[in-house]
Amino acid sequence: MRTFKIISALLILSVIGMSCDKLLHQEPPTKTSMEGVWEATRVVTSEGQDITNKLKFPILAFHLSSDRTVISTAGPLIMFIVYGNNKYSEIASKVDQVFNYSTLSFNGGEFFIEGGQQSRFTLEMKLEGLPGQKALTTLLEMIRIGNAYLDAIVYHKFINVGIRFEDDYNTMIWDFDENTTAVYNTKDSQGNYLLWNGWPTNTFQKCQIMFVKRAKDIRDLVRENS
């Protein structure tokens, strides 16, 4: 009887130990892992071309907040993804004049993701096209998008962007791939979405983006690299 009690106690302690170990090593929710400041260190097109340096003015970075808010220096990246490599090459020489992040004026947006562990999320980034503003208008004119579409803030939504982590969650990788779809909207005076027909949604550039987590504020990163 004594031996049976000892064995039972050992089994119970073993189960408790396994449960505690599982809890200690449980992976955090993907959304939690995404939060923070990230610098893009590598952007590769579907053709295998590394174009990172073409998209840094002076740095390509995102700040993802717990309330799903995004602030970034990603205007050039979004222009590249939406309009493709060929069109982007036409406007590349003007991009640094349009997206002048040294003034600490950033591009905003949101990200959306289910709870728990996920391999896909949705990213929505907005670019301004208001007449007289410096942001999107000039570049859209250069790639011959008509004036009828310029009086707007365009919300570029990418659905099912692949996401994964490496290096103990200090490296984050996004994949804009064949499973990713796009929707471009404006909003009316009451904030309701309206489809934006300024550019087809099935021609966006597939690419992979690798990020490294940074401890500094995104504003400090811009100042240090300006």
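Here's what I pulled together on the structure shown here. (Residues numbered from 1 in each chain as written. Predicted model: local features only at pLDDT ≥ 70, side-chain atom pairs only at ≥ 80, totals over all residues. Heavy atoms only, no water.)

**Concerning the overall build of the protein**
To keep things clear, this is the line we draw: Under the DSSP-based scheme used, a helix requires at least four consecutive residues in state H or I and a strand at least two consecutive residues in state E, with every element numbered from the N terminus. Exposure is judged per residue with a 1.4 Å probe applied to protein chains only, and the accessible area is read against the type maximum: over 50% gives exposed, under 20% gives buried, and values in between give partly exposed. Here, Shrake-Rupley sampling with a 1.4 Å probe gives the accessible areas, and only protein chains in the shown set may cover a residue.
When its secondary structure is counted, the protein shows five helices and 10 strands. Here the protein, with 226 residues, has 41% of them falling under the buried criterion. Of the roughly 12,100 Å² of accessible surface on the protein, a fraction of 50% belongs to carbon and sulfur atoms.

**Some points on the nonpolar core**
So the rule is basically this: Here, the term nonpolar core denotes a set of buried Ala, Val, Leu, Ile, Met, Phe, Trp, Tyr and Cys residues that are joined through side-chain atoms within 4.5 Å. In this description, contact between two residues means that some pair of their heavy atoms is separated by no more than 4.5 Å.
Residues F62, W174 and F176 are the most contacted members of the largest nonpolar core, which totals 56 residues. Of the residues forming this core, the biggest block, 11 residues, is contributed by helix α3 (residues 75–98). What W174 contacts, discounting residues up to four positions off in sequence, is F62, L64, F121, L123, V161, G162, I163, C207, Q208, I209 and F211.

**Topic: the packing of aromatic side chains**
Describing an aromatic ring pair means giving the distance of the ring centres and the angle of the ring planes. As a reminder of what qualifies: Pairing of aromatic side chains requires ring centres within 6.5 Å, counting the rings of Phe and Tyr and the six-membered ring of Trp. Pairs whose planes differ by under 30 degrees are stacked, by over 60 edge-to-face, and all others tilted.
Enumeration according to the criterion identifies 13 aromatic pairs in this entry. Considering the side-chain rings of Y101 and F106, the 6.4 Å spacing of their centres and the 15 degrees angle between planes classify their relative orientation as stacked. One exposure class covers both Y101 and F106, and it is buried. Relative to F176, the ring of F158 lies with its centre 5.4 Å away and its plane at 80 degrees, an arrangement referred to as edge-to-face. Taken as a pair, F158 in strand β6 (residues 153–166) and F176 in strand β7 (residues 171–176) lie far apart in primary sequence, 18 residues in all. Across the pair, F176 and F158 agree in class, each one buried.

**A few points about helix α5 (residues 218–225)**
Here is the rule we go by: Summarising the geometry, the arc corresponds to the directions from the helix axis toward the C-beta atoms. Pairs of N or O atoms within 3.5 Å make up the polar contacts considered here, provided that, within protein, one atom can donate a hydrogen while the other can accept it, and that residues adjacent in sequence are counted only when both atoms are side-chain atoms.
Among all positions of α5, only I218, L221 and V222 are buried. Each buried residue of α5 lies within a common arc of 100 degrees when the element is viewed along its axis, so the set occupies one face. Buried residues along α5 sit against β1 (36–45), β2 (61–64), β3 (69–72) and β10 (207–214). In this structure D217 caps α5, since a side-chain oxygen of it lies 2.8 Å from the backbone nitrogen of R219.

**Description of the pattern of salt bridges**
Threshold: Should a side-chain nitrogen of Lys or Arg be within 4 Å of a carboxyl oxygen of Asp or Glu, the pair is scored as a salt bridge.
In the structure shown here, the tally under the stated rule is 10 salt bridges. For the salt bridge of E39 with R214, the shortest nitrogen-to-oxygen distance reads 2.9 Å. Residue E39 is located in strand β1, and its partner R214 is located in strand β10; the two are separated by 175 residues in the primary sequence. We note a salt bridge from D175 to R164, for which the minimum N-O separation is 2.6 Å. Of this pair, D175 sits in strand β7 while R164 sits in strand β6; the two residues are 11 residues apart in sequence, bridging distant segments of the chain. R164 sits in the partly exposed class, given a relative accessible area of 36%.

**Focus on the side chain of N185**
Relative to the helices and strands, N185 resides in strand β8 (residues 181–187). Setting aside residues no more than four positions away along its own chain, N185 makes contact with I153, V154, Y155, Y193, L194, L195 and W196.

**Quick look at the environment of F211**
For F211, the position within the fold is in strand β10. Measuring from C-alpha to C-alpha, the distance between F211 and T171 comes to 5.6 Å, with 40 residues separating the pair along the chain. Residues within four places of F211 in sequence aside, it is in contact with W38, E39, A40, F62, N170, T171, M172 and W174.

**Let's talk about the environment of F106**
Within the fold, F106 resides in the loop between α3 and β4 (107–112). Separated by 35 residues in sequence, F106 and I71 place their C-alpha atoms 6.1 Å apart. Sequence-distant contacts of F106, defined by excluding residues within four places in its chain, comprise I71, S72, T73, Y101, I218, R219 and V222.

**Comments concerning α3**
Let me state the cut-off plainly: To estimate the expected span of a helix, count its residues, drop one, and scale the result by 1.5 Å. For a residue, the bend is simply the angle between two axes, fitted respectively to the seven-residue segment ending there and the seven-residue segment starting there.
Here α3 contains 24 residues, and its C-alpha end-to-end distance of 9 Å is more than 12% below the 34 Å for a straight helix at 1.5 Å per residue. Its maximal kink placed at G84, α3 deviates by approximately 125 degrees.

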